[in-house]
Amino acid sequence: QVQLVESGGALVQPGGSLSLSCAASGRIASINGMSWYRQAPGKQRELVATITHGRAPYYIDSVKDRFTISRTNTWNTLYLQMNALKPEDTAVYYCNADLGYRWPNPGDYWGQGTQVTVSS
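Residues numbered from 1 in each chain as written. Predicted model: local features only at pLDDT ≥ 70, side-chain atom pairs only at ≥ 80, totals over all residues. Heavy atoms only, no water.

1. What to know about the pattern of salt bridges
- Tallying each qualifying case throughout the model produces four salt bridges.
- Across the salt bridge formed by E46 and R38, the nearest N and O atoms sit 2.8 Å from each other.
- Under the relative-accessibility criterion, E46 is labelled partly exposed at 34%.
- For R38, a relative accessible area of 6% puts it in the buried group.
- Salt-bridge contacts for R102 lead to D108; the nearest nitrogen and oxygen are separated by 2.3 Å. (Salt bridge = Lys/Arg side-chain N within 4 Å of Asp/Glu carboxyl O. Buried < 20%, exposed > 50% of the residue type's maximum accessible area, 1.4 Å probe, protein only.)

2. What to know about the pairing of strand β3 (residues 18-26)
- Bridge analysis of strand β1 (residues 2-7) against β3 gives six bridges, and the strand direction is antiparallel. Bridging from a neighbouring strand, Q3 pairs with S25 of β3.
- As paired strands, β3 and strand β8 (residues 77-82) are joined by six bridges and run antiparallel to one another. Of the residues in β8, the one forming a bridge with L18 is M82. (Pairing = 2+ DSSP bridges. Helix = DSSP H or I, 4+ residues; strand = E, 2+ residues; numbered from the N terminus.)

3. What to know about the nonpolar core
- Residues M34, W36, M82 and Y93 are the most contacted members of the largest nonpolar core, which totals 30 residues.
- Contributing elements (two or more residues each) for this core: β1, β3, β4 (33-39), β5 (46-52), β7 (67-71), β8, β9 (91-98) and β11 (114-118).
- If we skip the residues at most four places from it in the chain, M82 touches G16, S17, L18, L20, R66, F67, Y93 and V116. (Core = buried A, V, L, I, M, F, W, Y, C linked by side-chain atoms within 4.5 Å. Contact = heavy atoms within 4.5 Å.)

4. Examining the environment of V2
- When you line up the elements, V2 lands in strand β1.
- Since its relative accessible area comes to 6%, V2 is described here as buried.
- Excluding residues within four positions of it along the chain, V2 makes contact with A24, S25, R27, I28, I31, A97, L99 and Y109.

5. With respect to the state of the cysteines
- Counting across every chain of the model gives one disulfide.
- Paired through a disulfide, C22 and C95 show a sulfur-sulfur distance of 2.2 Å. Negative torsions about the S-S bond denote left-handed disulfides, and the value of about -80° found for C22 with C95 makes this one left-handed. A residue pair is termed long-range when its members are at least 10 positions apart, and C22 in strand β3 and C95 in strand β9 qualify at 73 residues. Here C22 and C95 have matching classes, each one buried. (Disulfide = S-S within 2.5 Å.)

Here you go:
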């Protein structure tokens, strides 16, 4: 199993920046890929970005050129750098780890989520 703990969520003004982190422990050597998901009130949870070994990261169109996903070589930390934030980015952001090959479906492991609020 893998344990995931997100941190870094905050209240930020539109146009601002924020960096999220996800600390992973357990069977991190078995991780195939990691992703950030988000869920806004009244909406379904959606994929934001995915990173795997040896491939270019994937981003949904609404965050391309604004968000950057990255990780340490050992998979022990996942990051999401968010720039030019918009009110529609407001959501609870979740870290996800896939030990199989389920993408674009999520892996089995989730963090507890961290709240990002973009408002003036």
